[in-house]
Amino acid sequence: MGLTKQYLRYVASAVFGLIGSQKGNIVFVTLRGEKGRYVAAPACEHVFIWDLRKGEKILILQGLKQEVTCLCPSPDGLHLAVGYEDGSIRIFSLLSGEGNVTFNGHKAAITSLKYDQLGGRLASGSKDTDVIVWDVINESGLYRLKGHKDAITQALFLREKNLLVSSGKDTMVKWWDLDTQHCFKTMVGHRTEIWGLVLVSQEKRLITGTSDSELRAWDISYLQEVEDQEEPEPKKIKGSSPRLQDTLEAEDGNLEMDEAPEDRILSCRKAGSIMREGRDRVVNLAVDKTGRILACHGTDSVLEVFCVLSKEEIQKKMDKKMKKARKKAKLNSCSGEEEDLEINVKMTLQDEIQRVANIKTSAKIKSFDLIHSPQGELKAVFLLQNNLVELYSLNPSLATPQPVRTSRITIGGHRSDVRTLSFSSDNIAVLSGAADSIKIWNRSTLQCIRTMTCEYALCSFFVPGDRQVVIGTKTGKLQLYDLASGNLLETIDAHDGALWSMSLSPDQRGFVTGGADKSVKFWDFELVKDENSTQKRLSVKQTRTLQLDEDVLCVSYSPNQKLLAVSLLDCTVKIFYVDTLKFFLSLYGHKLPVICMDISYDGALIATGSADRNVKIWGLDFGDCHKSLFAHDDSVMYLQFVPKSHLFFTAGKDRKIKQWDADKFEHIQTLEGHHQEIWCLAVSPNGDYVVSSSHDKSLRLWERTREPLILEEEREMQREAEYEESVAKEDQPAVPGETQGDSYFTGKKTIETVKAAERIMEAVELYREETAKMKEHKAICKAAGKEVPLPTNPILMAYGNISPSAYVLEVFKGIKSSELEESLLVLPFSYVPDILKLFNEFIQLGSDVELLCRCLFFLLRIHFGQITSNQMLVPVIEKLKETTISKVSQVRDVIGFNMAGLEYLKRECEAKSEVMFFADATSHLEEKKRKRKKREKLILTVT
């Protein structure tokens, strides 16, 4: 069967015109060893890395479909964790720009991402109220922490202790002990949502930002420290943290029961509040890496910066206060008894946390990041509401610090939504017009070549010759610009209301405009003498006016210039003869006004798109409606035919661009990518490119490929995509002991995990078939009395003639670490006995012990009942017990030996060059001890 009609596929080519989108947060990243020069900004589904010094985009971290909602750089500066709208997390390498690790565990948008001090674990908080801790090195989930009743706003690891603190919109701050994965303390001292949470002063103080103008400070005292100071409170000592329990058990056999159990690890008490100047809620609250600078902002354009003083500075301050108080006391009392008055000197929270300065940005702040250099300079980068990035610097050590704006990134995008787009006749330049400026872009490099200030632009076109452009504005003016110089040549008052639409005449000598003042005006180009120079310049003059009864929304010439179509506010399209301006046809049928329309290249068809979500295709000979198509789920905003064809594109407020065939009335393809309503699009004169603009501030370029598009295949792919989405939305299989929908595991069912489970099932089936074949083959050989050739399975040949059991192991190795548990969870139990037997073989051989143990323990955990009640599996489990214990202890011995070897090498290095590479010479003995303890704990957790 031959192809009935061949269409060519359009694909997404690039996103431009966007500096940073609103949903995510901006962060400083370290690139090429430089700190404070590069920032990562969310850009719809991608992440753009900007060079603040040059104002250039140097790297794009490619996303898939979902918008970016959260960014967090790793402590070593080599990776960037990116959270998305659908709850997935990807970790990108900043060196290569590739995202190799994906974590799927949350059901809703990621709201918070934080690494621990070493960068080995990542805590993610989401709108689905869960906090999940991920193991970045093993690329898998560790555990899910459930307890909050609303979206998580922040989750932080503590440096010294294995604890995590999280805050949520449910007004709670929860403390989690990560050894037991339980919440041991909930702070309920807040009345409104907690929007920000930071730890300062060596993690002895917690500061929270809520919906009012106070920042609340809480003092944290850890109970181990209380014990070190030998405080005479035996009750607290007895109920210390679980880690000290073993050491204390010898001294004290019974634990007193009247003590609150949550006070065993730490206790919190309110230290006071710091008043902000802003009256509204805290949007972001953050502290720099040194913990010295604290900053926050509300829904306005002011960042308030505070400095957290060190103990020495506070002491100095208190001494000064003391001196003053003594002086005062001496003056006040002649007798010289100042002892009684000294009591007045008290340390307040304002003494410990000082206001430094306010940084006022040029627009509302959406997010910010801080970096405090060793020289004392503070850099603050802001992502603003109007698609702008600004960098300010400030020296907090000065008496009156003044913030200075050092750079801003503006060229790469408009401050407001783009309302009009047009292509030049050579397909190279693209014009975009917004509320305050028009920009000319080079289509191939996507660089902005010119920026010209204008009034609110609504429609535009390139004058034939591509040297000038004409803009129609909201106030009814025509603005004529010269592209070479970027100057405004002329402004003409064309209409009394908004100038909604313009159409260039096919003979290219003039154009027609339609406006909200119920008139259509005809204009001709002319050359007039320029006062400033000897040469003539381009101008326009009005020739005729057509007065109508309703506001004009759209005008369009037919290609032979005989007819003019005018769309009116009364939901009709009227067609007039151009030469006599006599009425010819009225096209009525839309229920709401026609916002956009276009006439095909041969003048045979007119397509109209309306706010009633329909597109109608009419014949221009008799004005009959050929077809009405339900095109979009919201208003159709723009419609344009592809040159020299009867195919046309429509753009809707439902965020989609669709291509249609006006002869067959077929929907050809949908271009999805925009995250907000689409305002306009432009098709290039050769039909190879489409540019669209949207409320998400991005411009997108779509390119026609040479790949043929077959409608049946397209529909099939669409159905497959819908099925894959529905699989991910199905209920998770519940594990015994859990209620449905209450998942303890960190993963979630996705199409990838289902496919991985299918691969395991196929591999086990292949193993069963091949082992049966081998038995048969042996029997045949025995009967024949000679060796008969065995036919090899093609799959095993492809893997290099491996055995069937080795193939099963290869499949297990091929599953992504982050998807392993979920894949085993959906695996039917009938495959488990075979897998357990195979695991026994593999572990005996000592191959991939760590991976196999992980799979084994997980299977035992979820199928415990069925395995223990199955008599056939008893010997298998017994054997597994022996082999696993011996092999794991072997692996542990190897790791221990290697650790000892590395320690020895380290000592050798240090002895040779008498420079302490690994430990700072100034660090104290206690710190070393603490590190050693930590290392021992780490070895235990690893093994």
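One numbering rule holds for all chains: residues counted from 1, following each sequence as written. Given that this is a predicted model, residues contribute local features only at a pLDDT of at least 70 and side-chain atom pairs are listed and counted only at 80 or more, while totals for whole chains, interfaces and linings are drawn from all residues. Side-chain figures throughout are based on the complete set of non-hydrogen atoms in the structure, without hydrogens or water.

In the nomenclature of an unreviewed UniProt entry, the chain corresponds to WD repeat-containing protein 3 from the organism Oryctolagus cuniculus. UniProt positions are given in the numbering used here, feature names are shortened, and annotations may be inferred rather than shown by experiment. As recorded by UniProt, the Subcellular location (unreviewed entry) comment attached to the chain reads in full: "Nucleus, Nucleolus". Its UniProt record gives the chain the following Sequence similarities (unreviewed entry) comment, quoted word for word: "Belongs to the WD repeat WDR3/UTP12 family."

Asks: Would you mind showing me how to read the overall build of the chain here?
Replies: Segments assigned H or I by DSSP are reported as helices when at least four residues long, segments assigned E as strands when at least two residues long, and all are numbered from the N terminus. In terms of regular secondary structure, the chain is built from 15 helices and 56 strands. Taking the principal axes of the C-alpha coordinates as reference, the chain spans close to 125 × 110 × 55 Å. Only protein chains enter the area calculation, which uses a 1.4 Å probe; residues under 20% of their type maximum are buried, those over 50% are exposed, and those in between are partly exposed. A burial count over the chain gives 50% of its 943 residues as buried. When checking whether two residues touch, look at their non-hydrogen atoms; a contact exists if any pair is within 4.5 Å. Restricting to contacts in the chain with at least 6 residues of sequence separation, those with at least 24 account for 49%. When the accessible surface of the chain is summed, it comes to about 46,600 Å², and 52% of that surface belongs to carbon and sulfur atoms. By the counting rule applied here, Lys and Arg register as positive and Asp and Glu as negative, while His and the ends of each chain are not counted. Charge coordinates come from a single atom per side chain, which is NZ of Lys, CZ of Arg, CG of Asp or CD of Glu. Considering the chain, the positive charge centre built from 125 side chains and the negative charge centre built from 133 side chains are found 3 Å apart. All accessibility values rest on the Shrake-Rupley procedure with a 1.4 Å probe; residue burial counts only the protein chains present in the view.

Asks: Any chance you could explain helix 12 (residues 849-862) here in plain terms?
Replies: One turn of an α-helix holds 3.6 residues; hence residues three or four places apart share an orientation. Look at helix 12: 20 Å from first C-alpha to last across 14 residues, which is about the 20 Å you get at 1.5 Å a residue. For helix 12, every residue scored as buried is listed here: Val849, Leu852, Cys853, Arg854, Cys855, Leu856, Phe858, Leu859 and Ile862. At its buried positions, helix 12 is contacted by strand 13 (140-145), helix 9 (804-814), helix 10 (820-825), helix 11 (832-845), helix 13 (864-868) and helix 14 (874-913). Under the convention used throughout, the expected extent of a helix is 1.5 Å for every residue step, that is, one less than its residue count.

Asks: What exactly am I supposed to notice about the pairing of strand 33 (residues 448-453) here?
Replies: Along a regular strand, successive side chains alternate from one face of the sheet to the other. Strand pairing is assigned whenever DSSP detects at least two bridges linking the two strands. Pairing of strand 32 (residues 437-442) with strand 33, which is carried by five bridges, proceeds in the antiparallel orientation. Residue Trp441 lies in a different strand from strand 33, and its bridge partner there is Cys448. Taking the residues that link successive antiparallel strands as the turn, the strand 32-strand 33 hairpin has five residues, and the phi of Leu446 there is positive, at about 60°.

Asks: Please explain the packing of helix 7 (residues 751-784) against helix 11 as it appears in this structure.
Replies: How two helices sit against one another is set out by the angle between their axes and by the gap between those axes. At their nearest, the axes of helix 7 and helix 11 sit 11 Å apart, and the two run at 75° to each other. It follows from the interaxial angle that helix 7 and helix 11 lie roughly perpendicular. Facing Ile760, Val764, Tyr767 and Arg768 of helix 7, the residues of helix 11 in contact are Asp834, Ile835, Leu838 and Glu841. Classes in brief: Ala, Val, Leu, Ile, Met, Phe, Trp, Tyr, Cys and Pro nonpolar; Asp, Glu, Lys and Arg charged; the others, Gly included, polar. Split into classes, the residues belonging to the contact of helix 7 with helix 11 amount to five nonpolar, no polar and three charged. Helix axes are fitted only over the stretch in contact, all axes being lines through C-alpha atoms; the angle between N-to-C directions runs from 0 to 180 degrees. Angles are sorted into four bins: roughly parallel if under 35 degrees, roughly antiparallel if over 145, roughly perpendicular if 65 to 115, and oblique for all others.

Asks: How should the environment of Leu478 be read in this particular structure?
Replies: Within the fold, Leu478 resides in strand 36 (residues 477-482). Judged by its relative accessible area of 2%, Leu478 is buried. Counting along the chain gives 18 residues from Leu478 to Ser460, while the straight-line C-alpha distance between them is 9.5 Å. Residues in contact with Leu478, not counting those within four places in the same chain, are Val470, Ile471, Glu490, Thr491, Ile492, Ala494, Leu499, Met502, Phe511, Thr513 and Trp523.

Asks: What exactly am I supposed to notice about the sheet that holds strand 40 (residues 519-529) here?
Replies: Each strand in a sheet pairs with its neighbour through backbone hydrogen bonds, running either in the same direction (parallel) or in the opposite one (antiparallel). Strand order in the open sheet made by the four strands is 38-39-40-41, with antiparallel pairing throughout. The open sheet has two edge strands, strand 38 (499-504) and strand 41 (536-547), and neither has a second partner. Each adjacent strand pair in this sheet contributes to an overall mean axis angle of 25°, direction not counted. Of the pairings in the sheet, the one linking strand 40 to strand 41 comprises 11 bridges and is antiparallel in character. Residue pairing for strand 41: Val528 is matched across the bridge by Arg537.

Asks: Hey, could you run me through the domain arrangement of the chain in this one?
Replies: Interfaces are often described in size by the accessible area the parts lose on coming together. What marks off one domain from the next here is an automatic or database domain assignment. Domain annotation for the chain reports domain 1 (200-223 + 265-313 + 349-392), domain 2 (417-547), domain 3 (749-827) and domain 4 (829-897). Domain 2 and domain 4 are separated by 74 Å when their C-alpha centres are compared.

Asks: Where do I start with the UniProt feature "domain: Small-subunit processome Utp12" (unreviewed entry) in the chain in this structure?
Replies: UniProt feature "domain: Small-subunit processome Utp12" (unreviewed entry): in the numbering of this structure it lies at residues 805-907. The span residues 805-907 carries 81% helix and 0% strand; its end-to-end C-alpha distance comes to 45 Å.

Asks: It is not clear to me how empty space enclosed by the protein should be interpreted in this structure. Could you clarify?
Replies: One way to see where empty space is left: roll a probe the size of a water molecule over the atoms. A pocket, in this scheme, is an open set of points on a 1 Å grid over the protein atoms alone with protein on both sides within 12 Å along at least 5 of 7 lines, while a cavity is a set where a 1.4 Å probe fits but cannot get out; residues line either one if an atom lies within 4 Å of a point. Grid points are joined across faces, edges and corners, and a volume is the space filled by probe spheres set on the points. Taken as a whole and judged by the stated rule, the model has four cavities of 30 Å³ or more. Approximately 60 Å³ is the volume found for the second largest cavity. Thr102, Asn104, Gly747, Lys748, Thr750, Thr753, Ser818, Glu819 and Glu822 are the residues that line the second largest cavity.

Asks: Looking at this structure, how should I read the nonpolar core?
Replies: Within soluble globular proteins, side chains that are nonpolar tend to cluster in buried spots. Residue types Ala, Val, Leu, Ile, Met, Phe, Trp, Tyr and Cys, when buried and joined through side-chain atoms within 4.5 Å, form a set referred to as a nonpolar core. Residues Ile760, Phe812, Leu824, Ile835, Leu836, Phe839 and Leu880 are the most contacted members of the largest nonpolar core, which totals 37 residues. Where this core is concerned, the elements lending two or more residues are helix 7, helix 9, helix 10, helix 11, helix 12 and helix 14. Here the element with the most residues in this core is helix 11; it accounts for seven residues. Of the domains in this structure, domain 3 (749-827) and domain 4 (829-897) are the two that each give at least three residues to this core. Not counting the four nearest positions on each side in its chain, Ile835 is found in contact with Ile760, Val764, Phe812, Leu827 and Leu859. Grouped together as the second largest cluster of nonpolar side chains are 22 residues, Leu303, Val305, Cys307 and Ile359 included.

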